[in-house]
2 protein chains.
Amino acid sequence: MSTFPLEIGTTCDMHVHLRDGQMCDLVTPTVREGGINVAYIMPNLQPPITTIQQVKEYKAKLESLSPSTKFLMSFYLNEDITPELLDEAKDYIHGIKVYPAGVTTNSKNGVDPTDFTPFYPVLEKMQQYGLVLNIHGENPHKEGSNTTVMSAEPEFLPVLETLHNRFPTLKIVLEHSTTAAAINAVKKINSPYVAATITIHHLFLTIDDVVGSPLNFCKPVAKTYDDKRALIETALSGDSRFFLGTDSAPHIVCNKNKLLGCAAGVYVSKYCVQILAQFWKDNNGDWNNFKKFLSSNGLKFYDLEEKELPQEKCYLIEKKVQIEDEIFDNNGISVIPFKAGETLDFDVEWR
Amino acid sequence: MSTFPLEIGTTCDMHVHLRDGQMCDLVTPTVREGGINVAYIMPNLQPPITTIQQVKEYKAKLESLSPSTKFLMSFYLNEDITPELLDEAKDYIHGIKVYPAGVTTNSKNGVDPTDFTPFYPVLEKMQQYGLVLNIHGENPHKEGSNTTVMSAEPEFLPVLETLHNRFPTLKIVLEHSTTAAAINAVKKINSPYVAATITIHHLFLTIDDVVGSPLNFCKPVAKTYDDKRALIETALSGDSRFFLGTDSAPHIVCNKNKLLGCAAGVYVSKYCVQILAQFWKDNNGDWNNFKKFLSSNGLKFYDLEEKELPQEKCYLIEKKVQIEDEIFDNNGISVIPFKAGETLDFDVEWR
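Everything numeric here is computed off the predicted structure, so don't read it as measured data.

Cut-off values and rules
- Residues numbered from 1 in each chain as written.
- Chains lettered and ligands numbered in written order.
- Predicted model: local features only at pLDDT ≥ 70, side-chain atom pairs only at ≥ 80, totals over all residues.
- Heavy atoms only, no water.
- Pairing = 2+ DSSP bridges.
- Helix = DSSP H or I, 4+ residues; strand = E, 2+ residues; numbered from the N terminus.
- Axes fitted to C-alpha atoms, helices over the stretch in contact; angles between N-to-C directions.
- Contact = heavy atoms within 4.5 Å.
- Expected span 1.5 Å × (residues − 1).
- Bend = angle between axes of the 7 residues up to and from the residue.
- Buried < 20%, exposed > 50% of the residue type's maximum accessible area, 1.4 Å probe, protein only.
- Polar contact = N/O pair within 3.5 Å; in protein donor to acceptor, adjacent residues only side chain to side chain.
- Salt bridge = Lys/Arg side-chain N within 4 Å of Asp/Glu carboxyl O.
- Least-squares fit on C-alpha atoms with pLDDT ≥ 70 in both.

Draft legend 1. Structural context of the sheet that holds strand β7 (residues 132–135) of chain A. Residues and elements named next belong to chain A. An order of β5-β6-β7-β8-β9-β10 is seen for the six strands of this open sheet, with the pairing classed as parallel. In this open sheet, the two edge strands, each paired with only one partner strand, are β5 (74–76) and β10 (242–244). Across the sheet, the mean angle from the axis of one strand to that of its neighbour is 30°, orientation sign disregarded. Taken together, the three bridges between strand β9 (residues 194–198) and β10 define a ladder with parallel strand orientation. Directly across from alanine 196, in β10, lies its bridge partner phenylalanine 242. The sheet strands contacting helix α11 (residues 287–301) are β7, β8 (171–174), β9 and β10, and the helix crosses β10 at an angle near 115°.

Written as structure tokens, this is what we have:
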């Protein structure tokens with residue numbers, strides 16, 4: 001039993017989409033409302049973030065929208081990213097995100113995951129500077145193949161091992177892992193340089209909850225019950241190689257609520273720590289492991305020093321919170337959160 | 001090369017949902033417009049069809065809506081169906097549909113597929129009278145199991161074999177087969193008494209087309225590319241054990257277009273033969289096998305005599321047809337057809 005309020009300290013969501021434009025204005029402040037004060041920001045804007053100037057401008061914008069939040073910035077891996085660029089950029093970014101071409105929102109400028117060799121000089125430099133390679137680990141479907149959304153992640157895993165073997169001290173995060181196979185691959189590699197993030201929604205969903213329910217549709221899609229059980233067990237374990245990265249990915253409602261081709265992404269930021277705490281309670285989780293999964297595992301992997309971190313500390317309090325049905329801005333756009341309408345037993349406070 | 005107009009003769013869709021109320025009024029006439037004049041009608045109304053009186057009334061209603069169409073009627077298997085009932089009902093129905101409890105629209109009154117033994121006396125009588133057992137072959141998910149929409153059909157297949165072994169001359173149709181495993185199971189049983197239907201939409205879709213696209217969501221869900229290839233190959237082959245059953249299943253748009261829990265079902269009736277002909281052309285299919293898949297295989301399995309069949313014959317003509325975006329009635333309900341907005345090279349004529 002833990003006593004509440006529970007001090008969690010610095011809280012990390014190591015995979016967050018904050019978009020740009022109106023949506024950015026709407027969701028950026030919700031990161032802090034959802035109990036997170038260190039957020040690793042995805043670079044898949046249009047155009048993708050590949051220059052220091054873009055990073056500076058985007059970070060300044062985010063900080064103006066939410067001054068107490070620490071934003072960790074990233075580049076989008078494509079041909080614009082050169083080893084020379086990283087000599088200067090290393091002071092502005094914490095990592096580089098790689099998307100296999102075509103697998104998810106704004107990933108058409110991505111990389112062929114069967115051949116990373118054109119990027120080996122970049123990876124070499126990243127390894128040297130301690131920059132993190134954040135991988136969206138899905139093998140894209142090719143004409144004639146049998147790759148589907150169900151098999152795309154397991155089929156990608158050999159690439160993870162290849163990259164690690166070639167760059168053994170390059171920090172790699174397999175993002176939003178959805179399968180027992182992914183968890184096992186990271187455990188098998190068993191290196192302090194290779195970790196994985198786990199989202200909140202993948203602790204709740206399977207493919208059964210995705211078909212016919214576009215609100216739950218994201219990439220990678222939720223898989224089987226055995227996969228979900230593996231993710232739950234791993235998150236609850238506090239294992240240092242696994243930490244929270246929600247992949248919170250807001251889309252305007254009209255793009256989620258379509259008959260064909262709904263946008264992929266689940267938005268969770270505004271209720272992030274609240275939902276995770278509820279999950280922990282409902283699964284009789286160890287609250288020390290809660291702090292590991294939500295705070296210390298991520299901080300250690302990203303090697304963030306105390307002095308870089310926000311002053312505020314997050315406290316979990318016992319308080320009934322109802323998740324909004326829909327979150328509006330003042331200009332007519334809105335986003336529907338994961339678990340809209342549900343009631344939770346926890347809220348957060350900053351002290 | 002075939003010459004058009006191509007006489008197809010009597011055309012069969014051996015799995016059609018015509019619903020009741022306004023939707024029934026809207027879609028029943030579209031069966032003939034879609035080139036079908038023999039339709040096997042599903043009994044999963046609310047309440048399900050389990051009495052001779054219900055069959056008579058429903059059939060009379062359908063005939064009043066579409067006098068030239070031959071409707072083959074069925075019962076819904078539950079505890080109301082007794083061997084004694086079948087002594088009289090055999091003259092009014094062609095078969096009985098079995099739904100595993102809870103797997104699809106209006107199936108909550110269904111059967112536990114792990115234990116058909118309570119229905120063995122009914123199956124015995126069906127075998128005796130030549131009534132067809134139409135099976136929705138999915139194993140429902142149970143708490144703690146790993147059954148998902150992806151594995152539910154393969155997991156059901158041993159039940160098919162068990163039933164056939166126990167009732168070797170009972171006619172069984174594995175409805176809307178979606179997997180290579182299902183095709184192989186039917187081929188392995190290799191009996192003139194065991195067949196499978198194949199839908200039109202499963203010749204086009206995989207799970208990749210279902211996630212995020214509620215219009216393509218049906219049960220069983222479309223599976224992998226290998227599964228789709230197996231279905232395509234089997235349909236094109238003309239193999240007598242496989243024939244068309246579209247599972248055309250209309251839902252009002254507001255029930256398909258939801259963020260969570262969209263209705264399962266793909267509506268195809270109004271463009272059934274037109275889309276199938278386009279598929280055949282695009283896959284360089286043998287037009288003799290087209291007639292087998294669409295006409296003779298089903299007629300033979302259901303043992304329909306020439307004198308029972310409609311007088312009209314279906315002809316396939318070369319004519320550009322654009323599938324409507326949405327099909328309306330005059331009272332405000334509508335249904336969106338599969339492949340809405342696409343253009344086809346074929347239409348049908350009745351002579």
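So that's the structure; there's more coming.
Draft legend 2. Spatial organisation of helix α11 (residues 287–301) of chain B. Residue and element names in this part refer to chain B. Taking 1.5 Å as the rise per residue, α11 with 15 residues should run 21 Å; its terminal C-alpha atoms sit 20 Å apart, in good agreement. The largest bend in α11 comes to about 45°, at phenylalanine 293. Of all the positions in α11, only Trp287, Asn289, Phe290, Phe293, Leu294, Ser295, Asn297, Gly298, Leu299 and Phe301 are classed as buried. Its side-chain oxygen at 2.7 Å from the backbone nitrogen of asparagine 288, aspartate 286 defines the N-terminal cap of α11. Looking at the residues trailing α11, positive phi occurs at aspartate 303, about 55°.

Draft legend 3. Here's a closer look at the pattern of salt bridges. Residues and elements named next belong to chain A. Summed over all chains, the structure comprises 32 salt bridges over all chains. The partner of arginine 229 in a salt bridge is aspartate 226, with the nearest N and O atoms 2.8 Å apart. Taken together, the positions of arginine 229 and aspartate 226, both in helix α8 (residues 225–237) and three residues apart, correspond to about one turn of that helix. The exposure class assigned to arginine 229 is partly exposed, which follows from its relative accessible area of 32%.

Draft legend 4. Structural view of the relation of the copies chain B and chain A. Overlaying chain B with chain A gives an RMSD of 0.0 Å, the required rotation being 180° about an axis along which the chain moves by 0.0 Å. Taken together, the turn and the small shift mark the pair as related by a two-fold rotation axis. Looking at the rotation axis and the C-alpha trace of chain B, the residue lying nearest is Val211(B), at 2.6 Å. Residue by residue, 100% of the interface of chain B is reproduced at the interface of chain A, so both copies engage with the same surface.

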